[in-house]
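Okay, here's what each chain looks like letter by letter:
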Amino acid sequence: MSDYEFVKPGMSAHEIVKKVRDSKEVFLTSTAMRDAGQSDYKNRLRIHDLLTLAPLYNEMGLFSAECHGGARWHVGIMNRKENPFEEVRLLRQAMPNVLLQTLVRETSLWGYRPYPPNVVKYAVSHVDIDVWRCFSFLNDIRNMKTVAEVVMNKGKLFEPTISFTDADWATDSYYLGVIDEIVALCGGTSDIILCIKDMAGVGTTKRIGTLIDEIKQRYPDLIIEYHRHMTDGLALPAYLSAAKAGAKIFDVEEDSLVRFYGEPPMLSVEAYFEEAGIHVHLNREIAEEAVLKVREWIGNYEWAESPFRGFDHTVTYHRMPGGAFPSSFEQASKGAFLELMPAILKVMSLYNRIIHYFDVTPGSQITWVTCSGIVNKYAKEQGSTGVKHLIGLLNKFVIEQDQNFESMEKEEQEELLKVLRNATDDFRNLILGQYGQLPNGWPADWVYESTFGDTWHEKRKTRNDLSPVELLKDDNLKRLRSSFEEAIGRNATDEEFVLYLMHPKDAVEYIEWHEKYGEAALVLPTSIWREGLKKPGDKVEFDFWGKPYCVELASIGAEHDGVVQVVLLVNNKTKVYAVQTPHAKKEDKRMAKGANDIPSPVNGTVWRIGNPKRGTLQVGDIFHFHGLHICHLFVHKDEEMANVEAMKMENVIAAPFTGQILEICVKLNELVQEGQLLFVIDKRVGGKEQGMLPADS
């Protein structure tokens with residue numbers, strides 16, 4: 001047993017909490033394997049490299065290693081081609097004495113939308129994790145209920161988390177009220193650890209100290225962990241303030257991983273605390289080895305870093321959280337609107353004073369998509385002058401007029417009443433209560449009118465105060481599993497089904513990729529994974545299932561019609577592959593032009609054609625009815641025809657009128673661009689909406 005081993009898997013939640021409470025030391029959670037990679041490297045850090053840290057973590061004396069959850073889960077199957085279940089098994093084997101920690105988004109778990117209770121229960125019960133950090137971007141504690149019940153019944157450590165921001169409405173009294181609800185939900189403080197999640201890193205040194213002091217006065221036995229991003233440049237003094245006020249656990253990452261948007265550097269925090277007389281439970285020598293180990297491979301990820309570099313104290317205004325910073329710039333670059341980022345951040349700083357919630361996932365995605373969409377619309381229609389006008393309008397309304405709608409000029413009011421008209425369904429669902437109650441009340445009426453237009457009165461009446469736990473009906477898991485197994489052409493494992501429940505499209509694509517390429521993502525070095533073998537004679541060697549392999553590039557043939565023949569030597573056996581180049585013939589994108597054409601509203605991926613109630617939409621669908629074939633070629637006004645995923649948000653494509661489907665112009669999982677033709681429908685009215693044909697027609 002290591003001298004620094006303190007808590008480990010297999011201990012009960014009560015034992016873990018008691019040991020931390022009784023100790024005079026403070027403890028560290030390393031976020032290197034999850035949030036450090038999410039915040040500064042867009043979740044591209046591969047398990048192949050992270051596993052090199054595991055033996056060191058096993059001797060370092062960490063409280064826990066956050067290695068799972070958040071967006072790492074999704075990006076793993078989507079980009080890195082890694083299975084989060086397999087990652088856990090590999091880490092268990094490599095560091096058996098370390099508590100493994102996940103981050104879940106209450107009813108959204110590792111996805112971006114609320115799931116019904118039976119999906120939450122099924123998923124949580126099938127994941128082998130020791131510490132479950134669970135947050136609500138609305139601080140709606142009711143949303144944590146299902147996760148809390150399953151985790152605590154399993155005997156694992158539940159870590160309820162309050163989302164933190166610095167705003168006039170986010171007072172100590174407000175946060176204490178949220179914590180009261182947490183304590184009531186969990187039956188006291190003896191079996192939980194409370195996390196304060198300062199996702200954007202906006203808490204001042206004084207503010208964090210006074211908040212933790214207030215919490216400890218009310219709940220002296222409550223163990224507090226402080227999670228903070230360092231974007232504003234003031235993380236270390238804030239950590240010391242939190243420690244002096246009574247926080248016991250702090251999130252850090254290896255110093256060599258630190259950039260600008262993740263957690264503070266491990267060695268610096270330890271030295272800073274020790275100088276202040278606060279002893280840290282950490283094997284400093286082993287921690288230094290981990291820092292050096294990261295330096296061996298971190299250079300492979302420079303491409304993944306955000307182009308927006310340096311600390312940014314203005315984060316206290318726009319509150320773009322760590323994980324969203326690099327990914328937003330990547331999305332802006334791909335969307336060719338990188339030059340608009342300063343304007344988008346400014347609009348975000350005004351937007352979050354109109355609609356109050358916490359900019360952590362999925363809230364950060366809702367904020368980003370909403371504000372970037374507004375700015376892009378003005379830029380396309382009016383250029384840079386229009387963007388400046390938009391910022392001036394919002395600044396006047398929010399700052400100068402203190403959101404007094406009636407004090408704005410008539411034409412300004414009319415413009416405000418259109419500014420949110422193209423908001424996504426996720427924003428609409430947010431203000432209708434589909435995610436839970438907003439932390440500082442519902443937005444003003446003008447927001448609903450701006451979003452829904454003439455139907456805003458009716459839409460607002462549908463708003464509810466329920467939690468998704470109470471609101472959503474259980475899914476038919478048997479039916480969902482059947483659809484999944486039909487898509488992959490075989491029986492699915494329980495773990496594969498969990499992947500599907502979280503991210504249906506990407507789970508199917510991952511499984512198809514894995515069945516074609518096997519364990520390549522786990523065994524190939526990162527340089528080869530990213531760039532491949534470049535010239536004849538280049539080779540890579542690795543072990544797989546205890547057997548050594550050598551893959552050598554023998555030759556690359558001449559290009560013909562966009563295809564080249566590549567010859568590889570695999571353990572000296574010749575393999576020939578036909579590879580398409582960027583010059584391979586591609587079909588031109590058809591754009592929507594006519595009145596009957598249905599376009600894509602965004603650049604994204606078609607992940608569903610049809611809707612859950614109706615099923616897949618197809619031209620020529622026919623079903624039997626009393627000996628006749630009835631042509632089911634119609635969609636009805638406002639019926640969902642397809643769903644396009646963009647920037648982790650779903651965009652419903654609804655029929656603008658009742659009509660007959662003449663053509664479906666895209667395929668499932670196809671990448672589409674804004675304005676691309678998705679459907680052609682012919683408008684139908686009255687009794688002509690449905691035709692009956694003889695059975696032999």
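Everything below is about the structure printed above this text.
Values in this document were obtained by computation on a predicted structure and should not be read as measured data. (Residues numbered from 1 in each chain as written. Predicted model: local features only at pLDDT ≥ 70, side-chain atom pairs only at ≥ 80, totals over all residues. Heavy atoms only, no water.)

Engineer: Mind showing me how you'd approach the pairing of strand E3 (residues 100-104) here?
Structural biologist: Looking along a regular strand, one sees the side chains alternate between the two faces of the sheet. With 5 of its 5 residues buried, E3 lies for the most part within the structure. Alternating residues of E3 divide into Leu100, Thr102 and Val104 and Gln101 and Leu103, and every residue in both groups is buried. Looking at chain direction, strand E2 (residues 64-69) and E3 are connected through 4 bridges and run parallel. Across the sheet, the residue bridging to Ala65 is Leu100, located in E3. As judged from the 4 bridges shared by E3 and strand E4 (residues 131-135), these two strands associate in the parallel manner. Following the sheet pairing, Val104 is matched in E4 by Cys134. (Buried < 20%, exposed > 50% of the residue type's maximum accessible area, 1.4 Å probe, protein only. Helix = DSSP H or I, 4+ residues; strand = E, 2+ residues; numbered from the N terminus. Pairing = 2+ DSSP bridges.)

Engineer: Is there a simple way to explain the nonpolar core in this structure?
Structural biologist: Of all hydrophobic cores here, the largest spans 170 residues; its most connected members are Tyr57, Phe158, Phe250 and Phe273. The element contributing the most residues to this core is helix H17 (residues 363-400), with 14 residues. Core analysis: the second largest hydrophobic core is formed by 17 residues, Leu617, Val635, Ala642 and Val644 among them. (Core = buried A, V, L, I, M, F, W, Y, C linked by side-chain atoms within 4.5 Å.)

Engineer: Explanation requested: the side chain of Glu87 in the structure shown.
Structural biologist: Looking at the secondary structure, you find Glu87 in helix H6 (residues 84-94). Here Glu87 is in contact with Ile47, Arg72, Arg80 and Glu82, once residues within four sequence places are set aside. (Contact = heavy atoms within 4.5 Å.)

Engineer: What should I look at first to understand the sheet that holds strand E8 (residues 249-252) in this one?
Structural biologist: Working definition: the strands of a sheet are paired by backbone hydrogen bonds and lie parallel or antiparallel to each other. Ordered by their spatial adjacency, 8 strands build a closed barrel running E1-E2-E3-E4-E5-E6-E7-E8, and the pairing between neighbours is parallel. Neighbouring strand axes in the sheet, compared pairwise and without regard to direction, differ in orientation by 30° on average. As judged from the 4 bridges shared by strand E1 (residues 27-30) and E8, these two strands associate in the parallel manner. Residue pairing in the sheet places Thr29 in a bridge with Asp251 of E8. In the packing of helix H5 (residues 70-80) onto the sheet, the strands contacted are E2 and E3, and the crossing angle to E2 comes to about 50°. (Axes fitted to C-alpha atoms, helices over the stretch in contact; angles between N-to-C directions.)

Engineer: So what exactly am I meant to see when it comes to unusual backbone geometry here?
Structural biologist: Among all residues except glycine, the phi angle is most often negative; among peptide bonds, the trans geometry is most common. Residue Pro362 follows Thr361 across a cis peptide bond; omega there is 0°. Within the secondary structure layout, Pro362 lies in the loop between helix H16 (341-351) and H17. At Asn43, a residue that is not glycine, the phi angle is positive and equals roughly 65°. With respect to the helices, strands and loops of the structure, Asn43 is situated in the loop between helix H2 (35-41) and helix H3 (47-50).

Engineer: Could you clarify how one ought to interpret the pattern of salt bridges in this entry?
Structural biologist: When the charged atoms of two side chains lie near each other, side chains of opposite charge can form a pair. The full count for this structure, using the stated rule, is 43 salt bridges. Note that Arg142 is salt-bridged to Glu470, the shortest N-O span being 3.5 Å. Taken together, the positions of Arg142 in the loop between E4 and helix H8 (145-153) and Glu470 in helix H22 (residues 468-471) put the pair 328 residues apart, joining distant regions of the chain. By relative accessible area, Arg142 is classed as partly exposed at 26%. Judged by its relative accessible area of 48%, Glu470 falls in the partly exposed class. In this structure, Arg207 engages Asp172 in a salt bridge whose closest nitrogen and oxygen atoms are separated by 2.5 Å. Remark: Asp172 occurs in helix H9 (residues 172-186) and Arg207 occurs in helix H10 (residues 205-218); sequence separation between them is 35 residues. Asp172 gets classed as buried once you look at its relative accessible area, which sits at 18%. Linked through salt bridges whose partners overlap, the residues forming this network are Arg34, Asp35, Glu66, Arg133, Glu159, Glu225 and Asp251. (Salt bridge = Lys/Arg side-chain N within 4 Å of Asp/Glu carboxyl O.)

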